[in-house]
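Structural characterization, general
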Amino acid sequence: MSEKSEKLFTEFPEISTEAWEAVIEKDLKGADYNKKLVWKTDENFVVKPYYRAEDLENIPHMNVQAGEFPYVRGNKADNNDWNIVERIDTPEPKLAHDAAVTALAKGANAIIFNASKIKTAQELNTLLQGIDVCKNRIYFEKAENFKALGELVTAYLSGQPTNGKQALITLMNDPVMQMLQHNKFPQSAEASLDGCMAMVKQTKEYPHFQPIAVNGHIFGNCGATIVQELGFSLAIANEYLAYATSHGVSVDELCDHLQFSFSISSDYFMEIAKLRAARMLWAVIVEQYKPAKKESAQMHTLSIASSWNKTMFDAHINILRNTTEGMSASIGGADAIALNPFDETYENADEFSRHIARNAQIIMKEESHFDKVADPAAGSYYIENLTKSIAEQTWKIFCETDKEGGIIQKGLKGEIKAAVEASCQKRNMDIATRKSVLLGTNQYPNLTENVSDKVKFQAPVEQFEGLQPYRGAIPFENIRLETEKWAKVHGGKPKVFLFKIGNLNMRQARAGFITNFFGCAGYQIVESAGYATVADGIQDALNAKAAIVAVCSSDEEYPTFAPEIIAAIKKEQPGTQCIIAGNPTESIEQLKAAGADDFIHVRTNILESLRNYNKIILK
């Protein structure tokens, strides 16, 4: 062995950014660099195709260690541990209790309870019986009256034989978010905020009791962008902070008793950076209120897997979505993570689906050791720059909201709802045009699946006058469920016959495109081997008795083959829709004149198109 220690790769010369750019420009062969390689995000900033060490030079937090202000790298200096949270949606106290006991015995260490039916001490006792609330954090959501629930909980804790003051309790009590969803406060803004401050004072001697929450995950589930979710969540928290410090509650007391929740979607690296940016900005905001303790600037976060991107069709893909979301949340430094059962879109989750969601986190800890390394994303050129960009855009939204009177004033005017709805509509359009992919729903559907056979219910979407939670897959699911319903009455699904002819590569590629396209509506795809001449395939097409015949060939060959195919089909079966797979711009008018009903290609709005075909075919 060599006695001299050498650094790896020292024999290779350093390559400058200019040299890399020169190679890229050469490979692009004149194509526009910005259009081809630079990505413009929905959050209104650009992402470069690559980053280098020099891109870290102007990022202020790079010299901060984990556990240090502004906590961009996490609250903990020596680990990355988090609570595994199980969300139990049943409001029945006994059923919820039994599910919670099972979850805690099998790896969870925190529970979110639906508290909508907890009205009495007996019901609370039933729910919490035998659960050690000093070791397992308990979250309560959906309570009709959080102030009354808080009184029940403190009374329950005072009667415990152990030290109930060490209980880990969170009330997901967010009256500002409630206003944003209902366009009004339950009573008034002042009464609602006074109630929050009274609860902080009431739980002053409970160091781990959080009676106020910022339910930012609702923004994400309504279609908000990442920076809207963060910016508006910080604006809500600032309202509580400002009101507290002007009404006899110190900044330290408020921060100790405040919980943030964020949604986590499948945008892997962006979600990691989101949590890092959120902690940094909250620390900056809290610092302005001059806290007595530096730890008061720490953000306490619960990450909840997004419901926006979950699907009913090919639902096992939700397991993959949950897994990447859990990874993003853990790498981003969440204090607690809740992953949802994969089947919750179409049936009440059972122990199996809850077990799968729970085990994803257990594997992340016990096998992948994500909990052992503080801030595993530290130093990543890409993630550090995403953190910086998200923080900058979030700060703009926060400052604009504050400058225009605060989120309460803007919310009561409907301006927050309008901003989120605009983002939601854009995301819907991206799904409709397949710019954004929901695997198994708007791209690569499982053609053999019949969801209506297993659907116990179509998960209801509670209707609100203000912010409206939503799932991006719902419009596609409605189309396919409509198809399945029609098929049960008529003895089979509508058929699409693939008339493949001409250039082998092009006809196969376009047949695959049409298969995916109409598969998203649940139509039956009738394959063919491909034909050398029109005459070879006409009888097969007629025998298929298809609602749609899709001619699959190359743009150059369509004028040769398509008119003859269309004429023969229309003569024998005039009601058949004859479509061209592609967008042969030079021959479109000729093909229309020949009787082509439609042209299906990558720029087609698939959602609008499938809705139209269902109207035509499912009569």
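Just so we're clear, the structure is a prediction, and the values are computed from it rather than from any experiment. Within each chain, residue numbers correspond to sequence positions counted from 1 in written order. With the structure being a predicted model, the display of local features is reserved for residues of pLDDT at least 70 and the display and counting of side-chain atom pairs for 80 or more, all residues being used for whole-chain, interface and lining totals. Note: side-chain values were computed over all heavy atoms of the structure, leaving out hydrogens and water.

Turning our attention to a nonpolar patch on the surface. Exposure above 30% relative accessible area and the absence of a salt bridge qualify a residue for a patch, where like charges join within 9 Å and nonpolar side chains (Val, Leu, Ile, Met, Phe, Trp, Tyr) within 5 Å. Here the open area of atoms and residues is found with the Shrake-Rupley method and a 1.4 Å probe, where only the protein chains shown may cover a residue. A side-chain nitrogen of Lys or Arg and a carboxyl oxygen of Asp or Glu constitute a salt bridge if their distance falls within 4 Å. On the surface, Val437, Leu439 and Tyr444 cluster together to form a nonpolar patch covering roughly 290 Å² of accessible area. As for its position among the elements, leucine 439 is in the loop between helix 16 (415-432) and helix 17 (474-490). Only DSSP runs of H or I reaching four residues or more are called helices, and only runs of E reaching two or more are called strands; each is numbered from the N terminus.

Here the focus is the nonpolar core. Counting residues in each nonpolar core, the largest one holds 108 residues, and the members touching the most others are Phe113, Phe140, Ile169, Phe219, Trp282 and Ile407. A contact between two residues is defined here by any heavy atoms of the two lying within 4.5 Å. Sequence-distant contacts of isoleucine 169, that is, excluding residues within four places in its chain, are made with Val133, Arg137, Ile138, Phe140, Val153, Leu157, His208, Phe209 and Gln210. We call a set of buried Ala, Val, Leu, Ile, Met, Phe, Trp, Tyr and Cys residues a nonpolar core when their side-chain atoms join them within 4.5 Å. Relative accessibility decides the category of a residue: with a 1.4 Å probe and only protein chains considered, values under 20% of the type maximum give buried, values over 50% give exposed, and everything between is partly exposed.

Cavity: a set of points on a 1 Å grid over the protein atoms alone where a 1.4 Å probe fits but cannot get out. Pocket: an open set with protein on both sides within 12 Å along at least five of seven lines, its lining residues, like those of a cavity, having an atom within 4 Å of a point. Grid points are joined across faces, edges and corners, and a volume is the space filled by probe spheres set on the points. The full count for this structure, using the stated rule, is three cavities of 30 Å³ or more. As for the largest cavity, its lining consists of Val85, Glu86, Arg87, Leu339, Pro341, Arg354, Ala357 and Arg358. Contributing elements (two or more residues each) for the lining of the largest cavity: strand 3 (83-88) and helix 13 (351-366). Residues that form the lining of the largest cavity fall into these classes: four nonpolar, no polar and four charged. In this count, Pro and Cys sit with the nonpolar residues alongside Ala, Val, Leu, Ile, Met, Phe, Trp and Tyr, while Asp, Glu, Lys and Arg are called charged and the others, Gly among them, polar.

Take the environment of alanine 535 next. Tracing the sequence through the fold places alanine 535 in helix 19 (residues 534-544). Taking the C-alpha atoms as reference points, alanine 535 and glutamate 564, 29 residues apart in sequence, are found 9.1 Å from one another.

Our focus in this paragraph is the environment of glycine 332. Mapped onto the fold, glycine 332 is located in helix 12 (residues 317-332). A relative accessible area of 0% means that glycine 332 is categorised as buried. Distance in space between the C-alpha atoms of glycine 332 and proline 93 is 34 Å, their sequence separation being 239 residues. With sequence-adjacent residues up to four places away left out, glycine 332 is seen in contact with Ile272, Leu275, Arg276 and Arg279.

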